[in-house]
Amino acid sequence: MIDLEVLRQDARDYPDAYQYERAKRLGVAQNAIFLALQKLDITYKKNSEASQSN
């Protein structure tokens with residue numbers, strides 16, 4: 001089981017991390033990270049402006 005506060009802090013510390021990276025750090029399955037992020041209402045959406053080079 002994932003400690004949601006630990007996951008919330010991990011999301012603050014590593015905002016651009018992939019779910020599989022979080023799973024490895026926290027010692028859980030990637031699907032567990034996905035479900036816990038949903039519970040915390042944490043989503044990551046790519047900003048098209050940020051992905052374009054200037």
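Here goes a summary of the coordinates provided. These numbers were taken from a predicted model, which means no experiment stands behind them. (Residues numbered from 1 in each chain as written. Predicted model: local features only at pLDDT ≥ 70, side-chain atom pairs only at ≥ 80, totals over all residues. Heavy atoms only, no water.)

Here we come to the side chain of Asp-10. Here Asp-10 lies in helix 1 (residues 4–13). A distance of 2.8 Å separates polar atoms of two side chains, one belonging to Asp-10 and the other to Arg-25. Residue contacts for Asp-10: discarding those within four places in its chain leaves Arg-22 and Arg-25. (Helix = DSSP H or I, 4+ residues; strand = E, 2+ residues; numbered from the N terminus. Polar contact = N/O pair within 3.5 Å; in protein donor to acceptor, adjacent residues only side chain to side chain. Contact = heavy atoms within 4.5 Å.)

Turning to the environment of Ala-17, a few remarks are in order. Structurally, Ala-17 can be placed in the loop between helix 1 and helix 2 (19–26). Apart from the residues lying within four places of it in its own chain, the contact partners of Ala-17 are Arg-22 and Arg-25.

The next point concerns the environment of Leu-26. Secondary-structure assignment places Leu-26 in helix 2. Put simply, Leu-26 and Leu-7 are 19 residues apart on the chain and 8.0 Å apart in space, counted from C-alpha to C-alpha. Filtering out sequence-adjacent residues up to four positions away, Leu-26 remains in contact with Val-6, Leu-7 and Ile-33.

This part is about the pattern of salt bridges. Across all of its chains, the model carries three salt bridges by this definition. A salt bridge links Arg-8 to Glu-5; the nearest nitrogen and oxygen atoms lie 3.4 Å apart. On the criterion of helical spacing, the pair formed by Arg-8 and Glu-5 is a turn pair, its members being three residues apart in helix 1. Ionic pairing is found between Arg-25 and Asp-10, a salt bridge with its closest N-O pair at 2.8 Å. Remark: Asp-10 occurs in helix 1 and Arg-25 occurs in helix 2; sequence separation between them is 15 residues. The exposure class assigned to Arg-25 is partly exposed, which follows from its relative accessible area of 38%. Classification of Asp-10 as buried rests on a relative accessible area of 7%. (Salt bridge = Lys/Arg side-chain N within 4 Å of Asp/Glu carboxyl O. Buried < 20%, exposed > 50% of the residue type's maximum accessible area, 1.4 Å probe, protein only.)

With that out of the way, let us pick up the nonpolar core. Counting residues in each nonpolar core, the largest one holds seven residues, listed as Ile-2, Leu-7, Ala-23, Ile-33, Ala-36, Leu-37 and Leu-40. Of the residues forming this core, the biggest block, three residues, is contributed by helix 3 (residues 30–39). Contacts of Ile-2, omitting those with residues within four sequence positions, involve Leu-7, Val-28, Ala-32, Ile-33 and Ala-36. (Core = buried A, V, L, I, M, F, W, Y, C linked by side-chain atoms within 4.5 Å.)

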